[in-house]
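Residues per chain, in single letters:
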Amino acid sequence: MRKIVLATVGSLGDLHPFIAIGLALKARRFAVVLAVPADHVAKVEAAGLTGVAIVGGFDALTETLGMPPDQVAKRIMSNQTYLMNRILMPWLADSTTALDDAMEGAVALVASLFVFAAPIVAEARGVPLVNVRLQPMATFSAYAPPRTPDFAMMAHAPTGPIGRAWNRSVYRVMRGVLRHRYGRPVDAVRKIRGLPPSRQALLLETPESADLTLCCYSPAIAPRQPDLPDNARVTGFAIFDSDTGAPETLDPALEAFLPPVHRRWSSHWDPLRRLRLATSTTLQPRPRERSGCARYC
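Bear in mind the structure is a predicted one, so any value in this text is a computation, not a measurement.

What follows covers the sheet that holds strand S7 (residues 232-234). Strands sit in the order S3-S2-S1-S4-S5-S6-S7 across an open sheet of 7 strands; the sheet is parallel. Strands at the two margins of the open sheet, each flanked by one partner only, are strand S3 (50-55) and S7. Averaged over neighbouring strand pairs, the angle between their axes works out to 20 degrees when direction is ignored. Sheet analysis places strand S6 (residues 210-215) next to S7, joined by 3 bridges and oriented parallel.

Written as structure tokens, this is what we have:
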């Protein structure tokens, strides 16, 4: 069996779609490992998948922060800077090591945008990276920017040419701030893995190493925006009902992105052509120095 690792952090709302995708891949005869927070491992394994911890659980987080759970959740939701400084960045070095261990023998990595270790591990190991975004706001589009306090200065939809130009300018400034704040710790972890420094900004830019971006929400809620990456697909929802134990349910649009059951990767499965090629038993690991479409095209 070819092994694929799925990685996510956050709440059950972040976990359940990955369980759904994992079960669908398992039905297609892939060995699936979910790399998740420690307190989500039991739920992953109860669903019939292999779970490994790449970060601590919510209890450990509340203890570290010295705050009750409800206050931690409220702070995370309302303050992106707090989320970055106190949670995501302190996890980076250890989560990179844990995720790299989980990737042993894997042919691909499917990861949430918030797993900052994922682009580092995928690039270092030379395996395809599929970037997953579970909500429209995570696309950081100039056409429909997030409506959270951190983005209050942006022109919100519907936006005309002037509003979109303003939003792009704001994103440009934000990317510069993120690079200034977090570039050094990210590059320090990259250096340990033998990788050169990165000029990308965390969160606001799709990782350069991503071969595909799956936007796992309905186009009825948020249609594809013109400034999404060329390799982005709005696929529909991936739903897992953990209370009833019901089988996973994939939106028909997302189902089209998965290979047929009991078959190898289909030659007609164009949206994941590069991932299919990378999981071929005859393809050798790609050279680290190559990037972009040239790796497979």
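Here we take up the nonpolar core. By size, the foremost hydrophobic cluster in this structure holds 33 residues, and its most contacted members are Met-84, Met-89, Phe-116 and Tyr-171. For this core, the elements supplying multiple residues, two or more each, are helix H3 (58-65), helix H4 (69-78), helix H5 (80-102), helix H6 (117-125) and helix H7 (161-192). Ignoring anything within four residues of it in the chain, the contact list for Tyr-171 reads Phe-140, Ser-141, Ala-142, Pro-145, Pro-146, Phe-151, Met-154 and Leu-204. If you look at the next biggest cluster of nonpolar residues, it comprises 28 residues, including Val-32, Val-41, Leu-134 and Phe-240.

Turning next to the environment of Phe-140. The topology assignment puts Phe-140 in the loop between strand S5 (129-133) and H7. Look at Phe-140 and you get buried, because its relative accessible area is 11%. Counting along the chain gives 63 residues from Phe-140 to Leu-203, while the straight-line C-alpha distance between them is 8.6 Å.

With that out of the way, let us pick up the packing of aromatic side chains. Considering all chains together, one arrives at 2 aromatic pairs under this definition. What links up through ring pairs into an aromatic cluster is the set Phe-140, Phe-151 and Tyr-171.

This part covers the packing of H3 against H4. Each pair of packed helices can be summarised by the angle the axes make with each other and by the distance between the axes. Relative to each other, H3 and H4 sit at 90 degrees, their axes nearing to 10 Å. Taken together, the axis directions place H3 and H4 in an arrangement best described as roughly perpendicular. On H4, the residues touching Phe-58, Leu-61, Thr-62 and Leu-65 of H3 are Pro-69, Val-72, Ala-73 and Ile-76. A per-class count over the contact of H3 with H4 returns 7 nonpolar, 1 polar and no charged.

Okay, the pattern of salt bridges next. Considering all chains together, one arrives at 6 salt bridges under this definition. Two residues, Asp-100 and Arg-193, come together in a salt bridge whose shortest N-O distance is 3.3 Å. A residue pair is termed long-range when its members are at least 10 positions apart, and Asp-100 in helix H5 and Arg-193 in the loop between H7 and S6 qualify at 93 residues. For Arg-193, a relative accessible area of 22% gives the class partly exposed. Through salt bridges with shared partners, a single network forms among Asp-100, Glu-104, Arg-125 and Arg-193.

Conventions and cut-offs
Per-chain numbering applies: the sequence of each chain, read as written, is numbered from 1 onward. Confidence filtering applies because this is a predicted model: local features only for residues at pLDDT of at least 70, side-chain atom pairs given and counted only at 80 or more, and all residues used for totals across whole chains, interfaces and linings. Derived side-chain values reflect all non-hydrogen atoms in the structure, with water molecules and hydrogen atoms excluded from consideration. By the convention used here, strands pair only if DSSP detects at least 2 bridges between them. A run of H or I in DSSP becomes a helix once it reaches four residues, and a run of E becomes a strand once it reaches two; helices and strands are each numbered from the N terminus. To get an axis, fit a line to the C-alpha atoms, keeping to the stretch in contact for a helix; angles then go from 0 to 180 degrees between the N-to-C directions. Take the buried Ala, Val, Leu, Ile, Met, Phe, Trp, Tyr and Cys residues and link them wherever side-chain atoms come within 4.5 Å; each set so joined is a nonpolar core. The cut-offs for exposure are 20% and 50% of the maximum accessible area for each residue type, with area from a 1.4 Å probe on protein chains only; residues under the lower value are buried, those over the upper are exposed, and the others partly exposed. When checking whether two residues touch, look at their non-hydrogen atoms; a contact exists if any pair is within 4.5 Å. Each Phe, Tyr or Trp ring (for Trp, its six-membered ring) is paired with any other whose centre lies within 6.5 Å, and the angle between the two planes then decides the class: stacked below 30 degrees, edge-to-face above 60, tilted in between. Roughly parallel here means an angle under 35 degrees, roughly antiparallel means over 145, roughly perpendicular means 65 to 115, and every remaining angle is called oblique. The nonpolar class holds Ala, Val, Leu, Ile, Met, Phe, Trp, Tyr, Cys and Pro. Asp, Glu, Lys and Arg form the charged class, and all remaining residues, Gly among them, are polar. Salt bridges are defined as contacts in which a side-chain nitrogen from Lys or Arg sits within 4 Å of a carboxyl oxygen from Asp or Glu.

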